[in-house]
Amino acid sequence: MIKKKDMPVFALVDCNNFYVSCERVFNPGLAHRPVIVLSNNDGCAVARSNEAKALGITMGVPVFKIRHLIDLHDVQVFSSNYVLYGDMSSRVMQTLSAFAPAMEIYSIDEAFLSLGRLAFTDLTAYGQQIRHTVKQYTGIPVSIGMAPSKTLAKLAAGIAKKSNKAAGVLDLTAPRFRDRALEMTPVEDVWGIGRQYARYLQIRGIRTARDFRDADIGRFKKKMGINGVRIQKELRGESCYDLETDDPGKKTISVSRSFKTPVTDFDSLSEAVSTYIVRGGEKLRAQGSHAEAMTVYVTTSRFKPDSFYYNSDTTSFPTALNYTSALLAHGRTALKRIFRKGRAYTKAGVIFSDLTRNGIYQQDLFDTSDRSRADRVMETMDRINLQMGAGTVTYPATGMGRDRSWTTVFNHRSSAYTTDWHQLLTVGP
DNA sequence: TCTGGGGTCCTAGGACCC
DNA sequence: TCTGGGGTCCTAGGACCC
């Protein structure tokens, strides 16, 4: 039995409808109105205000399927503005970091805090203090759940978000409140149980988080593996997933985009792939990595199964690379191997894998001077693009930023209010 | 007509070795 | 030559997450 003072306490802080909330911070007229934010190419709804959810707009629904709802209810529509959301996320995380000795940034809009070593009499009051501070400093509303395991903390935050009574904070550290909370949570809402597992469980009579917690896990172990066992333990209040505080770096880095309109010719496809390689190279260098392998892939529309074509090519590099010119050369060769004439390509992408970190990679003994020169060129280009804006300096292979059939569209993009001096919010007449 | 992007982990099965 | 057992490594695919 774990003594109470040794019980870990996790708090999960979750930004409400994060992308929509970011837009609202700089456009107060959006309050209380249905608002959605779209995926790349303005394809799907990926964030929805509560008012938009109430209209029946579901996560990931294609815009063309909800056009009538948008028109009928005057839904406010925004393209994704990742520069804005990324910057707002940093502000939220910075604010949160003052409230706990340790924090794990779990995603762009969620963080786990470790509260176990703080001696609280009233966790709920502390949660409210966090909420109000984040709202005051950043304008972003958050929901908070507390519990002795991450899975329970997530579940608590989910209820905190929906329940009026909870007012944005739910403390489930006391076991006596958990039965009710788990009963009102559908099994598919449990962290780690997705569509496939939920369907499997529902057929076998497991409908709520409580059903799953109290079930004989032997029935589901074969299907769900070790994670199923862990999820159940976590629901029982036994922590299986620790706070992960240090960023180990990405193990793979990928860049892909769907095209505005289908692409048929090699040169356009090559420009697109080159553009993604350039971006991928920046990401590699930003985390101090070199890649030992690169996969290039192209695909036609998966919504047209009759003419569907997908192909990929993986190149293994003799020495780990992050020098863009070299990556581009390999990319072009790879694309030649998988390109087939007469196909209407709708998407391409590149994945870097087998990453090394912090410059620990096999040096080629004979070209150290060239390599350091290449490193300096990359450093300079990355710095200019960071300061002057993405794509200020780039490579001919990318088509030099000219608008092409494959260029991603953002027809409803808001300004980069927080990161670009030229796009500061204008107040007054 | 119009359907996103970027990740992680686990497992089963094959190749290979002793 | 055939057979058995056990171990490791790698990869593809499937599940999940936001």
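Refer to the preceding data block for the structure.
Everything numeric in this text was worked out from a predicted model, so none of it was measured. (Residues numbered from 1 in each chain as written. Chains lettered and ligands numbered in written order. Predicted model: local features only at pLDDT ≥ 70, side-chain atom pairs only at ≥ 80, totals over all residues. Heavy atoms only, no water.)

> Break down the pairing of strand E6 (residues 110–114) for me, with residues and values.
By the criterion of burial, E6 is predominantly enclosed, with four of the five residues buried. With five bridges connecting them, strand E5 (residues 102–107) and E6 associate as antiparallel partners. By the bridge assignment for E6, glutamate 104 is matched with phenylalanine 112. Between E5 and E6, which pair antiparallel and follow one another directly, the connecting turn spans two residues. (Buried < 20%, exposed > 50% of the residue type's maximum accessible area, 1.4 Å probe, protein only. Helix = DSSP H or I, 4+ residues; strand = E, 2+ residues; numbered from the N terminus. Pairing = 2+ DSSP bridges.)

> I'd like to hear about the protein's contact with DNA strand B, residue by residue, with values.
Asn40, Ser254, Ser256, Arg257 and Ser258 are the nearest of the 22 residues found near DNA strand B. Counting only atoms of DNA strand B within 4 Å of the protein, the fraction found in sugar and phosphate groups is 72%. A distance of 2.8 Å is found between a sugar or linking oxygen of DNA strand B and a side-chain nitrogen or oxygen belonging to serine 39. For DNA strand B, a phosphate oxygen lies 3.2 Å from a polar atom in the side chain of arginine 302. Contributing elements (two or more residues each) for the surface near DNA strand B: helix H10 (218–235) and strand E9 (253–263). Here the surface near DNA strand B gets six residues from one element, more than from any other, and that element is E9. (Near = heavy atom within 4 Å. Polar contact = N/O pair within 3.5 Å; in protein donor to acceptor, adjacent residues only side chain to side chain.)

> Which residues make up the side chain of threonine 418, and what values go with them?
You can see threonine 418 is positioned in the segment after helix H13 (368–388). Engagement of the side chain of threonine 418 in a polar contact is seen with the side chain of aspartate 87, the distance being 2.7 Å. Ignoring anything within four residues of it in the chain, the contact list for threonine 418 reads Phe26, Leu84, Asp87, Met88 and Arg91. (Contact = heavy atoms within 4.5 Å.)

> Account for the environment of proline 396, with residues named and values stated.
In this fold, proline 396 is placed in the segment after H13. Exposure remark for proline 396: the relative accessible area of 67% places this residue in the exposed category. Residues proline 396 and serine 274 lie 122 residues apart in sequence; the distance between their C-alpha atoms is 9.2 Å.

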